[in-house]
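Structural description and commentary
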Amino acid sequence: MPDPPERLLERVAALATDLGPALAPVGHLELLRSITAAARELFDAAACSLALLDEAQETLTFHVASGAGAQEVVGQRVPVDRGIAGWVVSSGQPVAVADVARDPRFAAEVAEATGYVPQSVLAMPLATEREMLGVIELLDQRADGPAGRRDMELLGLFANQAALAIEASRVFSGLGRALFEAVGLAAAGDRDLAWALDDLARRAPGPAAELAELAGAFARLGQAGPAERAAATRLVREFLAYATGQGRLP
């Protein structure tokens, strides 16, 4: 017996409530801002910025920044074949440039549009084992001497934290899309939500299919008794504790 529309929406709301605390990153944008601010302070840099690739991986967009030119750089879009940031995400390699005026990769017009043109840049890719996400840049470190290996290692730690936060946010967003698409399928097909999620899991590519399958399992779990829900919750928590201890989860 399919769910009536009002019941279907109630179940979606309940499912989102159940899944939200488990998967939603806490203060995602605020975390990225704190990462750039902390990196700028630690490295004694004039500015620090963070740019992310679009889904087509053709354009970088600067989402957060701290320090000189921060307000102007946020929202800037740069093709991946332009600038030092583009070179870093295309190559997957960090780079330290002591004098950008002498580096042919530097996109001077992009910097000029922000009102702040740096002399030096230290840039690190934002990546996980699964994909390239973007780049974090430090501009004009005030410490004497060029950026060394230690600086690269430290900035790599900041980049790893930022990449994990970004990936967590995208997982949650993907789950939200899967839920709303399933609602449309259920309404159009005159079926219940669990069926729609199963159908979406069969048809969707890659991570979206896995998210839909996970949501379908939670949907069925919501219809189980209290004892069954408690047992399943305990198993999930134990698995997460194990995976975290093995370094498979942040």
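Structure shown above.
This write-up is about the structure you can find in this document. What you see is a predicted model, and the numbers here were worked out from it, not measured in a lab.

What to know about the pairing of strand β2 (residues 59-67)
- Relative to β2, strand β1 (residues 45-53) runs antiparallel, the two sharing 7 bridges. Bridging across to β2, A51 finds its partner in F62.
- Hairpin connection between β1 and β2: a loop of 5 residues separates the two successive antiparallel strands, and Q57 in this loop has a positive phi of roughly 55°.
- Where β2 lies against strand β3 (residues 77-79), 3 bridges are found, and the strand directions are antiparallel. The residue of β3 that forms the bridge with T59 is P79.

Side note on the pattern of salt bridges
- In total, this model carries 3 salt bridges according to the counting rule given.
- Of the charged contacts, one joins R102 and D99 as a salt bridge, the two residues approaching to 3.2 Å between their closest N and O atoms.
- Looking at R102, the relative accessible area reads 72%, which means it is exposed.
- Of the residues examined, D99 reaches a relative accessible area of 30% and is grouped as partly exposed.
- Close ionic contact of D103 with R105 constitutes a salt bridge, the shortest N to O distance being 2.7 Å.

Thresholds, definitions, all that
- Residues numbered from 1 in each chain as written.
- Predicted model: local features only at pLDDT ≥ 70, side-chain atom pairs only at ≥ 80, totals over all residues.
- Heavy atoms only, no water.
- Pairing = 2+ DSSP bridges.
- Helix = DSSP H or I, 4+ residues; strand = E, 2+ residues; numbered from the N terminus.
- Salt bridge = Lys/Arg side-chain N within 4 Å of Asp/Glu carboxyl O.
- Buried < 20%, exposed > 50% of the residue type's maximum accessible area, 1.4 Å probe, protein only.

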